[in-house]
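Structural features, examined
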Amino acid sequence: MTVSDDAAVDLGKARSGEPLVELHGVQKWYGELHVLQDIELTVTKGEVVVVIGPSGSGKSTLCRTINRLETVDQGDIKVDGKPLPQEGKALAAHRADVGMVFQSFNLFAHKTILENVTLGPIKVRKTPKAEAEARARELLDRVGVGHQAAKYPAQLSGGQQQRVAIARALAMEPKVMLFDEPTSALDPEMIKEVLEVMVDLAERGMTMIVVTHEMGFARTAANRVVFMADGRIVESADPESFFTNPQSDRAKDFLGKILKH
């Protein structure tokens, strides 16, 4: 799976250089455990940033703080120039602007695929039902599961459910999409179909922050790779530089272990 040269050009055009997600001086503790340490990260509009690193390095926590599923102890986070809201309607509106796709698909088991995708736009965005359904069908077609709209999540494969979860996030027309290890619960043959949807999103200029173990995706779809270890951002570089010439011993060790297998 590769991104074509044309797609790479499109990715470049889509990036405006305007900051969309900004984290400054972010600190997070779980009791004695310092899980995020002095995080400085700016993601620009249209940029695809892939966050990699060993387990327990703080990647998922970093991702979840941007959606305020985790609070931070120090520092500040802004999305589109605005600080994260604390609670209530403002927080619901923020989460509508920041799409999130999890490791587990988190679909409502008692609702059809179509209902899962239309629920947010109807409830949060106050989109008329007919309009929400038309948009949902368009998105489900785009991720390759349009013919499954009337089914329930349990009737779909894991890969299909994850593609529905992506369509559901896109239905809210978010400014940025967060992916927290979206393929780690999937069988190998299902991983490719989900990654293809994500590559398509990248080609269309969606701003994305992706926590993943899929190095092929990092190499082909990312504008930038951020390497984390022990709660810190150790390195940040374009994929070619990072994979061919990592600067830190920690990154060299990590790549040495994973690229041999």
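Residues numbered from 1 in each chain as written. Predicted model: local features only at pLDDT ≥ 70, side-chain atom pairs only at ≥ 80, totals over all residues. Heavy atoms only, no water.

A word on the overall build of the chain
Within the chain, the regular secondary structure consists of 10 helices and 10 strands. Relative to a compact globule of 261 residues, whose C-alpha radius of gyration would be 18 Å, the chain shows 18 Å and is just as compact. The principal-axis extents of the C-alpha atoms in the chain amount to approximately 55 × 40 × 35 Å. Burial analysis of the chain (261 residues in total) assigns 52% to the buried set. Counted over contacts in the chain with a minimum sequence separation of 6, partners at least 24 positions apart contribute 69%. Charged side chains in the chain number 32 positive and 36 negative. The centres of these two groups are separated by 5 Å. (Helix = DSSP H or I, 4+ residues; strand = E, 2+ residues; numbered from the N terminus. Rg over C-alpha atoms; globule rule 2.2 N^0.38 Å. Buried < 20%, exposed > 50% of the residue type's maximum accessible area, 1.4 Å probe, protein only. Contact = heavy atoms within 4.5 Å. Lys, Arg positive; Asp, Glu negative; His and termini not counted. Charge placed at Lys NZ, Arg CZ, Asp CG, Glu CD.)

Examining the packing of helix H5 (residues 129-142) against helix H6 (residues 158-171)
Packing of H5 against H6 brings their axes to within 9 Å, and their N-to-C directions diverge by 140°. Between H5 and H6, the angle is such that the two are oblique. Handedness of the crossing formed by H5 with H6: right-handed. The residues of H6 that touch H5, namely those facing Arg135, Leu139, Leu140 and Arg142, are Val164, Ala167, Leu170 and Ala171. The class makeup of the residues in the contact of H5 with H6 is 6 nonpolar, no polar and 2 charged. (Axes fitted to C-alpha atoms, helices over the stretch in contact; angles between N-to-C directions. Parallel < 35°, antiparallel > 145°, perpendicular 65-115°, else oblique. Left-handed = near helix turned anticlockwise from the far one by under 90°. Nonpolar A, V, L, I, M, F, W, Y, C, P; charged D, E, K, R; others polar.)

Observations regarding the sheet that holds strand E10 (residues 232-237)
Hydrogen bonds along the backbone pair up the strands of a sheet, which may run parallel or antiparallel. Read from one edge of the open sheet, 6 strands run E6-E7-E8-E3-E9-E10, paired in mixed fashion. With one partner strand each, in any of the chains shown, strand E6 (98-101) and E10 form the two edges of the open sheet. This sheet shows a mean twist of 20° between the axes of neighbouring strands, independent of strand direction. Examined bridge by bridge, strand E7 (residues 176-180) and strand E8 (residues 207-211) share 5 bridges and lie parallel to one another. Residue pairing in the sheet places valine 176 in a bridge with threonine 207 of E8. Along the sheet, helix H3 (residues 88-97) contacts E6 and E7; its crossing angle with E6, the most-contacted strand, is approximately 65°. Relative to strand E9 (residues 224-229), helix H10 (residues 249-258) is tilted by about 100°, and along the sheet it contacts strand E3 (48-52), E9 and E10. (Pairing = 2+ DSSP bridges.)

A closer look at the confidence of the model for the chain
Scored by pLDDT, the chain comes out at a mean of 90, with 93% of its residues at no less than 70. Note on residues 1-14: pLDDT is under 50 here. Beyond four places in sequence and across chains, it has 20 contacts. (pLDDT = per-residue confidence, 0-100.)

Describing the pairing of E6
Each regular strand shows side chains that alternate between the opposite faces of the sheet. Along E6, one buried face is formed by Val98 and Met100 and the opposite face, lined by Gly99 and Val101, is buried too. Two elements, E6 and E7, share 4 bridges in a ladder whose sense is parallel. Following the sheet pairing, valine 98 is matched in E7 by valine 176.

As for the packing of H6 against helix H7 (residues 188-203)
Taken N-terminus to C-terminus, the directions of H6 and H7 make an angle of 20°; their axes are 8 Å apart at the nearest point. Considering their axes alone, H6 and H7 lie roughly parallel with respect to each other. Relative to H7, H6 is oriented so that their crossing is right-handed. Within the contact between the two elements, H6 uses Gly158, Gly159, Gln160, Gln162, Arg163, Ile166 and Leu170 and H7 uses Met190, Glu193, Val194, Val197, Met198 and Leu201. For the contact of H6 with H7, a count of residues per class yields 7 nonpolar, 4 polar and 2 charged.

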